[in-house]
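Summary of the model geometry
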Amino acid sequence: MTSKAFELAQLGDAVTVDSSKVGIGTSSPDALTHIYSGASGVTNPHSYTKLHIESADHNAIQLSGSSGGEQWIWFADDTTATPVGGLTYYHGGNYMAFRTNSGERARIDSSGNLLVGKTSTGIGTVGAALK
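I will try to describe carefully the structure that is included in this document. (Residues numbered from 1 in each chain as written. Predicted model: local features only at pLDDT ≥ 70, side-chain atom pairs only at ≥ 80, totals over all residues. Heavy atoms only, no water.)

**Observations concerning the sheet that holds strand β10 (residues 128-130)**
Reading across the sheet, the six strands line up as β5-β6-β7-β8-β9-β10 and stay open at both edges, with antiparallel pairing between neighbours. At either margin of the open sheet sits one strand with a lone partner, and together these are β5 (70-75) and β10. Pairwise comparison of adjacent strand axes, ignoring direction, gives a mean angle of 15° for this sheet. Taken together, the three bridges between strand β8 (residues 103-109) and strand β9 (residues 114-116) define a ladder with antiparallel strand orientation. Across the sheet, Arg 107 pairs through a bridge with Leu 115, a residue of β9. (Pairing = 2+ DSSP bridges. Helix = DSSP H or I, 4+ residues; strand = E, 2+ residues; numbered from the N terminus. Axes fitted to C-alpha atoms, helices over the stretch in contact; angles between N-to-C directions.)

The following block contains the structure:
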């Protein structure tokens, strides 16, 4: 038995691995990876779902980094490794940005300004700013 198989075996019912799915907290995973922590009802994920997180309480996915760093959720396709879309939070500037077609298209800054087609609130910058 390999060390990884041994580690999984020691977890008992906490982790289920079959030929195509992984379940954490469930022996009946309904997606490629299913994390279950006591949901109150039965949910049926969409057929495209690869990660299903199910709970009777609140759910969160947390990305943590340094106070000057960025966290990203990226969208890429099969033609390039470079993300073509995404969502980022930049701690150094305290803003959240939305990217499409490989460029930033909208931003919400720490003052609550919504910037569309621009990255600063300056009047001389092309784009729209809403407060």
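**Some details on the sheet that holds strand β4 (residues 51-55)**
Read from one edge of the open sheet, four strands run β1-β2-β3-β4, paired in mixed fashion. Each edge of the sheet is formed by a strand with only one pairing partner; in this case those strands are β1 (15-17) and β4. Taken over all neighbouring pairs, the strand axes of this sheet differ in orientation by 10° on average, direction set aside.

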